[in-house]
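# An overview of the molecular structure
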Amino acid sequence: MQQENGVELVRSDGGLPNILIVDDRPENHRVIKRILHEVKATFHYAHSGKEGLSMALREKYAVILLDVMMPDMDGFETASLLRCNESTRHVPLIFITAADPSKELEFKGYEVGAVDYLFKPINAHSLRSKIQVFLELEDQRSRLQRTLGDVQRLESKNRLLLESIGEGILGVDAQGRITYTNPACEKLLGLPEAQLSGRGIQEFVNLSHHQEEHIAWQDSQVFKRCNAGLTFHEEFGLFYNKEKQVFPVKYLANPIHDGNRMVGVVIAFQDITQRRKIEEQLSRLAQFDTLTGLLNRGTFEKHLHRAIERADSNRRGFSLLHLDIDHFRQVNDQFGHDVGDLLLQEVSHRVCRLIRDGDLIGRLGGDEFIILLESFTEHHNRNAAQLAERIIDVLSEAFKIHGHEFFIGASIGIATFPESGELFEPLLQAAELAMFKAKSSGRQNFQFFTEELQQQALAAMELERNLRRALAQQEFELYYQPKLELGSGRILGCEALVRWKPDGNMTIGPDTFIPKLEEMGRIGQLGDWIIDQVCRQLKHWRDEHGLSLCVAVNLSVKQLQQEALPEQVGLLLDQYELPRDCIEFEITESMMMHDPESAVATLSAFQFLGIAVSVDDFGTGYSSFGYLQHLPLDALKIDRLFIQRLFQEEKSAEIVRAIISLAHNLNLKVIAEGVETQQQLAFLQDEGCDFAQGYLISRPVPAEEMTQLLLGHRDGKQ
Ligand SMILES: Nc1nc2c(ncn2[C@@H]2O[C@@H]3COP(=O)(O)O[C@H]4[C@@H](O)[C@H](n5cnc6c(=O)[nH]c(N)nc65)O[C@@H]4COP(=O)(O)O[C@H]3[C@H]2O)c(=O)[nH]1
C-alpha cells in the first residue's frame, strides 16, 4: 500500500477525509489524482480489488472510486464484498470504467451498491463535483455520528447518575401518572418501578399543604406552576410510602416541555425525616433545660414578656417566684455532680407536682428555679405565699439519692405584677432580691419583695458605684495597729487595716466594702495595692527610721485562690529589698475551708518563700485543731469575742486557755486580739500568750501616727 508520492499511508492525517482509488493501472491513479488535486482529502491507492478490500477494512473512507475491469476480482465483486461488511457497507462507491457505457453494466453497478457510475474518459468537472458532494455527505454523516455518540454517552451518564444518587427522582406525565422512578425513589416509596409505573402521583405525594386534605393533580400547586413553565419548590412536603405511612420530604418539581406543551414533570425529592428529628431536637434544646426538661431561662423570659403584655391589657396581676435551693453547693461538693444533677431533677419533680396547669416553671441555671403564677385574677399574693409554703415543705423532706440521704431546703423570693415592677427586668430583679432576703433571713422561708428591699438594693448599687470610683481615684488608706510581744513588752509588729472615707466624714468599714469588692470581682485590685503600700511603708520605716518590724496583712478569700500570689509577694519584697520575715498574712478558718485545696497550695508556697501565715478570728469558725496539724501555719489569733468575754463567761477563759496551750503544742504562736483592758492583758500574760493587740495598746492609726508611736516606743517614751 503506497501513496503516490511514495509515503506509506496508515491513517489519514489532519482530520482530512480519505479517498480510496482502486484501479489495476497506476496511470489511472495519476489521472484521477490530477483531476482531484484541489480536493482537500488524503488519497489512498489500491491496485486490485483484493487490496482495495483489505485497505477498506482497515481504514475509514469517505468515498471509494472503483475500476470495474480488474484482473482476479473485478469492481462488481469488490463492491459486493464491501457491501457485506458492516464497517464498509455504507461507504459511497463510484464505479469508473472504460467499458461500453451500456445500461446493463450501469444497472449491475447500482445493483451491487454503487452510488454513481462514471465512464472513461473521465469528465474532470463531473468527477470533482461528485466527489465534493460525497465528501460533504461524509462530513455530515460523521458529525451526526459524533453527536449521536455524545448523546448516548450523556444519556448513559445521566442514567447512572439517576440510579446512583440518594435523591429520589419521580417522573410523571401531564396527567400525573408515574412514568419514571429511580432506585432511590423506589426504596423510599417501598415499591419497584413496575408497581409504581402508571399509578397516580397523589397516591404517594400529598399535593395539598394539609395532611388530611387530598386534591387532584390538576388542582395542585405543583401542576399549576409546572404547567406555567415554572419550577415548584417545597421545603417541607409529605410523601406516603406503600404502607401509607407519611414521611417528610423536601422536593423540587420541574416541567418537561414539548414545544409549548407541558408533557410531564420531574420531581427530585429528599427524605428529611432525620433532618427534621435533629431540627426538633435542636429546637427542644433551645427551649428547654436539658437536665430537668423545664423551660430554660430564654424561653421563660419570652413567656414572662407575654404575661406582662397580657396582664397589662387585661388589668390583671400575676406573681413571680424565684426559688433557690439551700445548701445545694455542699451536696454537689460532698457527693459529686451526678448526685447534684439527680437532686435538681428530683426538686423539679416535686415542685412540678405542686403547680397547676397554666402556671409556668423554668430553671434559670444552677440551683435556681422560677415560677410564673398567672392562672388567677385575684388573691395572687395569697396564692403565691401558699405555693411558696408548700414548696418549702416538700423540699425540706429527705432526699434519697444513690444511697445517700440528705436534707436541703429552699429560699423563695416573690415579686408581684404590677406592685413590684411593671417591666420585665425590674420584676425579675425584684423576685431575686426577695429571694436573697429569704436566704439572709435564715433560709427555708419566703419573702415578698418590698420597698425596703428596693432601697437596700439601691444602696448596694450605690456602694458599688462609689467603690468603683474609690478604686479609680485611690481613696483608700492604710491604718496600722501595733502588736505587743507580751514576754518582752516590745512592739515587734503591727497589723495593716484598710480604711475608706468616701466623703470625708462618713466611714464605711472594711467588713462592709471588702465583701462587696469580692462580690464585684475587684478585690484583687485593692489587695495588690495594700501589699504594695505595706512594702513601701516597711521600706520607709527601715530606711528613714531604722525600724524593722513585721506587718500582718489580711487576705481575702479571692486572693487566697490566686495561685501566683506568693510568687508576686516574693518578687515585691525583692524589689523593695525587704527580708521575707517582715511581712505575714492573716487568713480566717472559713477562708481555708472555702477552697481547702487552693488554700493548702497557697499556704505551702508562702511557707516555701519563708513568709508566715496566721489564722485570724480563731475559735469562731470550725475550731478544729485537727486540720491545723496538717497546714503550714505559724500563729493563731484568738478572736476578740473570747477576749471581751474573758471575765464575763468562765467558758471564754477556758477556751482561751485551751487555744494557747494547744497552739503551743503545735508549735504555733498565739496572738490575742481586741485586748481593751489591763485585766485582760494580765490574764493573757499569765497564760503565756505570745502577743496582744487591741485598743489598750493602740487603736489602728494612720502611718504617720504609727511611725511616731514606734519611735516613741523605741525611745522608751511610751
Ligand atoms: N472592738 C474592738 N475592735 C478592735 C480592737 N482592736 C482592733 N479592733 C478591730 O478588729 C478588727 C481586726 O481585724 P480583723 O479581725 O482582721 O478583721 C478585719 C478584716 O477581716 C477586714 N479587713 C480589714 N482590713 C483589711 C485589709 O486590708 N484587707 C482585707 N482583706 N481585709 C481587711 O475587715 C475586718 C474588720 O476590720 P476593722 O474594721 O479594721 O476592724 C479591725 C480592728 O479595727 C479592740 O480592742 N476592740
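Residues numbered from 1 in each chain as written. Predicted model: local features only at pLDDT ≥ 70, side-chain atom pairs only at ≥ 80, totals over all residues. Heavy atoms only, no water.

With an unreviewed UniProt entry as reference, the protein is termed Two-component system response regulator, source organism Marinobacterium zhoushanense.

This next bit is on the overall build of the protein. What the protein contains, in helices and strands, is 26 helices and 26 strands. Across the 718 residues in the protein, those meeting the buried criterion constitute 46%. Within the protein, contacts between residues at least 6 apart in sequence are counted, and of these 61% link residues at least 24 apart. In the form shown here, the protein has an accessible surface area of approximately 37400 Å², with 50% of it arising from carbon and sulfur atoms. (Helix = DSSP H or I, 4+ residues; strand = E, 2+ residues; numbered from the N terminus. Buried < 20%, exposed > 50% of the residue type's maximum accessible area, 1.4 Å probe, protein only. Contact = heavy atoms within 4.5 Å. Areas by Shrake-Rupley, 256 points an atom, 1.4 Å probe, with all protein chains shown as cover.)

Let us now look at the UniProt feature "modified residue: 4-aspartylphosphate" (unreviewed entry) in the protein. This chain's UniProt record puts "modified residue: 4-aspartylphosphate" (unreviewed entry) on Asp67. Within the secondary structure layout, Asp67 lies in strand E3 (residues 63-67). Judged by its relative accessible area of 4%, Asp67 falls in the buried class. When residues no more than four places from it in sequence are discounted, the contact partners of Asp67 are Val22, Asp23, Asp24, Gly75, Ile96, Thr97 and Lys120. (UniProt positions renumbered as here; feature names shortened; annotations may be inferred.)

To continue, consider the packing of helix H17 (residues 523-545) against helix H26 (residues 703-714). Close contact between H17 and H26 brings their axes to 12 Å; oriented N to C, the two are set at 40°. Judged by the inter-axis angle, H17 sits oblique to H26. As for how H17 packs across H26, the hand of that crossing is right-handed. Every residue of H26 that contacts H17 at Gln537, Trp541 and His545 is listed here: Ala703, Met706, Thr707, Leu710, Leu711 and Arg714. Split into classes, the residues belonging to the contact of H17 with H26 amount to five nonpolar, three polar and one charged. (Axes fitted to C-alpha atoms, helices over the stretch in contact; angles between N-to-C directions. Parallel < 35°, antiparallel > 145°, perpendicular 65-115°, else oblique. Left-handed = near helix turned anticlockwise from the far one by under 90°. Nonpolar A, V, L, I, M, F, W, Y, C, P; charged D, E, K, R; others polar.)

Moving on: the site of the ligand. Around the ligand, the surrounding shell holds 23 residues, and the nearest of these are Arg499, Asp616, Arg640, Glu676 and Tyr695. Within the side chain of Glu495, one N or O atom sits 3.1 Å away from an oxygen atom of the ligand. Contact between the ligand and Val498: a nitrogen atom at 3.2 Å from a main-chain N or O atom of the residue. Elements that contribute at least two residues to the shell around the ligand include exactly strand E19 (490-500), helix H16 (510-520), strand E22 (612-618) and helix H23 (640-644). Sorting elements by how many residues they give to the shell around the ligand places E19 first, with four residues. Considering only residue class, the shell around the ligand consists of nine nonpolar, six polar and eight charged. (Near = heavy atom within 4 Å. Polar contact = N/O pair within 3.5 Å; in protein donor to acceptor, adjacent residues only side chain to side chain.)

Here we take up the pairing of strand E21 (residues 583-588). Most of E21 is tucked away: six of the six residues are buried. Here E21 shows two buried faces, one formed by Ile583, Phe585 and Ile587 and the other by Glu584, Glu586 and Thr588. In this sheet, E21 lies alongside strand E20 (residues 550-554) in parallel orientation, the contact comprising four bridges. The partner of Ala552 across the bridge, within E21, is Glu584. Bridge count between E21 and E22: five bridges; the pairing is parallel. Bridging across to E22, Thr588 finds its partner in Asp616. (Pairing = 2+ DSSP bridges.)

For the rest of this paragraph, the subject is the packing of aromatic side chains. With the rule as written, the count across this model stands at 17 aromatic pairs. Ring geometry for Tyr117 versus Phe119: centroids 5.2 Å apart, planes at 40°, classification tilted. The buried category is assigned to Tyr117, whose relative accessible area is 5%. One aromatic cluster is present, formed by Phe232, Phe239, Phe247, Tyr251 and Phe269 through successive ring pairs. In this structure, Arg350 is placed above the aromatic ring of Phe399, and the distance from its NZ or CZ to the ring centre is 3.7 Å. Looking at Arg499, its charged tip hangs above the ring of Tyr479, at a distance of 5.5 Å from the centre. (Phe/Tyr/Trp six-rings, centres within 6.5 Å; stacked < 30°, edge-to-face > 60°. Lys NZ or Arg CZ within 6 Å of the ring centre and 35° of its normal.)

Pairing in this open sheet of five strands is antiparallel, and the strands run E7-E6-E10-E9-E8 from one edge to the other. Each end of this open sheet is capped by a strand with a single partner; those strands are strand E7 (178-181) and strand E8 (232-240). Shown here is a sheet whose adjacent strand axes are inclined to one another by a mean of 30°, direction ignored. Relative to strand E10 (residues 261-271), strand E9 (residues 246-258) runs antiparallel, the two sharing ten bridges. Each residue of the ladder has a partner; that of Asp258, found in E10, is Arg261. Seen against the sheet, helix H9 (residues 273-287) touches E8, E9 and E10 and runs at an angle of roughly 130° to E9.

What follows covers unusual backbone geometry. In the segment running from Phe417 into Pro418, the intervening peptide bond is cis, with an omega of 5°. On the secondary structure map, Pro418 appears in the loop between strand E16 (410-417) and helix H14 (424-440). A positive phi angle, close to 55°, is found at Arg315, a residue other than glycine. In this fold, Arg315 is placed in the loop between helix H10 (297-314) and strand E11 (318-325). A relative accessible area of 78% means that Arg315 is categorised as exposed.

This part is about the side chain of Asp690. You can see Asp690 is positioned in the loop between helix H25 (678-686) and strand E25 (691-693). Buried Asp690, no salt bridge; nearest opposite-charge side chain is Lys669, N-O distance 4.4 Å. Polar side-chain contacts of Asp690 include one of 2.9 Å to the side chain of His664. Other than its neighbours up to four places away in sequence, Asp690 contacts Leu484, Glu485, Leu486, Gly487, His664, Leu668, Lys669 and Val670. (Lys, Arg positive; Asp, Glu negative; His and termini not counted. Salt bridge = Lys/Arg side-chain N within 4 Å of Asp/Glu carboxyl O.)

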